[in-house]
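# Structural overview
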Amino acid sequence: MSFKQESASLGSTSSTKFCDPKEQKDTDTIASLNTQVFQLPKSETLSESTLQNPENPEGGYGWFIVVGAFLVQMPSLSVVMSWGVFQDYYEQNLFGHSPAITLQLTFVGTLGNILLNILSPFVQILLSYMTTKKALALGVVLCVAGLELASFCTEIWQLCMTQGVLYGIGTSIIYYVSMKIVISEIPKWFTKNTGIALGVASSGNSIGGLVMPLLVGALNEKLGVFWCYRVVGFINVGVGLFACILFRDRPGHTKVTQRLKDIIDFKILKDLNFVLWCITDIFLEGAYYVPVFFLPSYATFIGLSPEKGSATVAVASGLSTAGRILAGLIGDRVGHMNVTIVFSLFAGLLSLCLWTFADSFGVLIAFSALFGFFGGAFVTLTPSITCIITGKEKYESGLSLLLVVTTLAMFGPNLAGAIESSEIAMRSPFVSYKIFTGAMYVAGTLVLFFLKIRMSGWSVFKII
């Protein structure tokens, strides 16, 4: 799932201000450019007095840490979003294009996304025993190993083990360690420019998602996929280790040992509202990754070049950033559930209508832009809606549990691929992907609408 972090005013825990959408400020939205929240030990959260301590330097070496957090996210996390470009190359040049092959290839990207979600509690436990710098270095080494080993793979199962599992574990570590840096460490270095620092530090994933698909597409065409992996691996090791060198803890930093039971309270699953929210997220997130995986392949299917196929993912990623920011701003005023309902409904209708008639580059790039803008809004608003449902006291545990439960959503592209491989769907290639995406978004919207009116005393127009 996309991850959200706390606002620029990280004052106590990473949940406080999401619980009342009316109290969120624009700086809250700046820090929500990424996609999940990292739960911190209580001793590592920041009090208001800490942020106002006159002994805190205004930036200083903290700006180097900001740059490090930005850099380490940019190449590593964006490779996950570029899997559709890799998949298209494999279909066109190595394994052949058939529904069965496509279904097998989707598991490579799915494994990475699953591990990114499900390992979040365990990375937090890892940080109880390792320094932040060492954990970050471990993540970089695993990512680079996954990419370099993938450059020698000639079978799909080998890709599952390397780019899927090995790279997925490394990415999970990098993501949650970088979120820990953003939430816990960066605010210790600033008093006035905290919002700007957090915005820059947390935007590496967004910038990488815009650049990496284009880079991967160009490298595939000029050097082939094997050398593409090696070049991207070299970029990861150079940028990642440089970021590790930049990072350092402030004096007085302490580690607190955590156990799984300290992070997740499974009793939250007894709350029907929380279960309905999990179902909503499974529908929405299961749909979201289908175009991300299959747009490049669809572009080549209608006769476009691989470069234009890569551009569809890059445009969707770039517009997704703008859409998430706007969704946060509007949600502060009219309700986060309301915005998620409207944006997700638009994403579903776009998939059913515009994508269905996208038989040229102009129409396809328009769909990519609009889908990117509307389709990822739920990601930004997930923490605030979770807090509304669970309350501040159970928010952190609820969000961690949500990330684990909604791992089921990562199988969305696989389920869509299985449907595409059926005899009926094979008569009209890619139509099943469009219907699946639209239907999942509409289904998620309907469940969320039911949840909203249930929580608002059956009032349709209440702001939630």
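All of the points below concern the structure found in this document. None of these values were measured; they are calculated from a predicted model.

## Thoughts on the packing of helix α13 (residues 272–301) against helix α16 (residues 361–375)
Contact geometry for α13 and α16: axes closest at 11 Å, N-to-C directions at 165 degrees. With respect to α16, the element α13 is oriented roughly antiparallel. Viewed along their axes, α13 and α16 form a crossing whose handedness is left-handed. When α13 is examined against α16, the residues Tyr288, Pro291, Leu295, Tyr298 and Ala299 are found in contact with a partner set consisting of Leu364, Phe367, Ser368, Phe371 and Gly375. When the residues that make up the contact of α13 with α16 are grouped by side-chain class, the tally is 8 nonpolar, 2 polar and no charged.

## Brief notes about the environment of Thr102
Checked against the element boundaries, Thr102 lands in helix α5 (residues 99–118). A sequence separation of 311 residues divides Thr102 from Pro413, and the C-alpha atoms of the two residues are 9.9 Å apart. Those residues in contact with Thr102, other than ones at most four positions away along the chain, are Gln87, Glu91, His97, Phe294 and Tyr433. Within the structure, the side chain of Thr102 is placed 2.7 Å from the side chain of Glu91, a separation counted as a polar contact.

## Details of the packing of aromatic side chains
The geometry of two aromatic rings is summed up by the distance between their centres and the angle between their planes. A full pass over the atoms with the stated rule returns 22 aromatic pairs. Between Tyr288 and Phe371 the ring centres are 6.2 Å apart and the planes differ by 20 degrees, which places this aromatic pair in the stacked class. Taken together, the positions of Tyr288 in helix α13 and Phe371 in helix α16 put the pair 83 residues apart, joining distant regions of the chain. Judged on exposure class, the residue Tyr288 and its partner Phe371 are both buried. Seen from their ring centres, Tyr289 and Phe293 are 6.4 Å apart, and the 70 degrees between their planes marks the pair as edge-to-face.

## As for unusual backbone geometry
Here Phe430, not a glycine, exhibits a phi torsion of approximately 75 degrees, which is positive. Residue classification places Phe430 among the buried positions, given a relative accessible area of 3%.

## Observations concerning the nonpolar core
In this structure, Phe86, Ile186 and Tyr229 are the most contacted members of the largest nonpolar core, which totals 115 residues. In terms of residue count, α13 provides more of this core than any other element does, 15 residues in total. Apart from residues no more than four positions distant in its own chain, Tyr229 is found in contact with Trp83, Phe86, Tyr90, Leu147, Glu148, Ala150, Ser151, Leu159 and Gln163.

## Considerations on the environment of Phe361
Along the chain, Phe361 falls in helix α16. Sequence separation between Phe361 and Gly309 is 52 residues, and the spatial gap between their C-alpha atoms is 8.9 Å. Setting aside residues no more than four positions away along its own chain, Phe361 makes contact with Leu304 and Lys308.

## Examining helix α20 (residues 431–455)
Over its 25 residues, α20 extends 36 Å from the first C-alpha to the last, a length consistent with the 36 Å expected when each residue adds 1.5 Å. One or two positions beyond α20, positive phi appears at Gly457, with a value near 70 degrees.

Calculation notes
- Residues numbered from 1 in each chain as written.
- Predicted model: local features only at pLDDT ≥ 70, side-chain atom pairs only at ≥ 80, totals over all residues.
- Heavy atoms only, no water.
- Axes fitted to C-alpha atoms, helices over the stretch in contact; angles between N-to-C directions.
- Helix = DSSP H or I, 4+ residues; strand = E, 2+ residues; numbered from the N terminus.
- Parallel < 35°, antiparallel > 145°, perpendicular 65-115°, else oblique.
- Left-handed = near helix turned anticlockwise from the far one by under 90°.
- Contact = heavy atoms within 4.5 Å.
- Nonpolar A, V, L, I, M, F, W, Y, C, P; charged D, E, K, R; others polar.
- Polar contact = N/O pair within 3.5 Å; in protein donor to acceptor, adjacent residues only side chain to side chain.
- Phe/Tyr/Trp six-rings, centres within 6.5 Å; stacked < 30°, edge-to-face > 60°.
- Buried < 20%, exposed > 50% of the residue type's maximum accessible area, 1.4 Å probe, protein only.
- Core = buried A, V, L, I, M, F, W, Y, C linked by side-chain atoms within 4.5 Å.
- Expected span 1.5 Å × (residues − 1).

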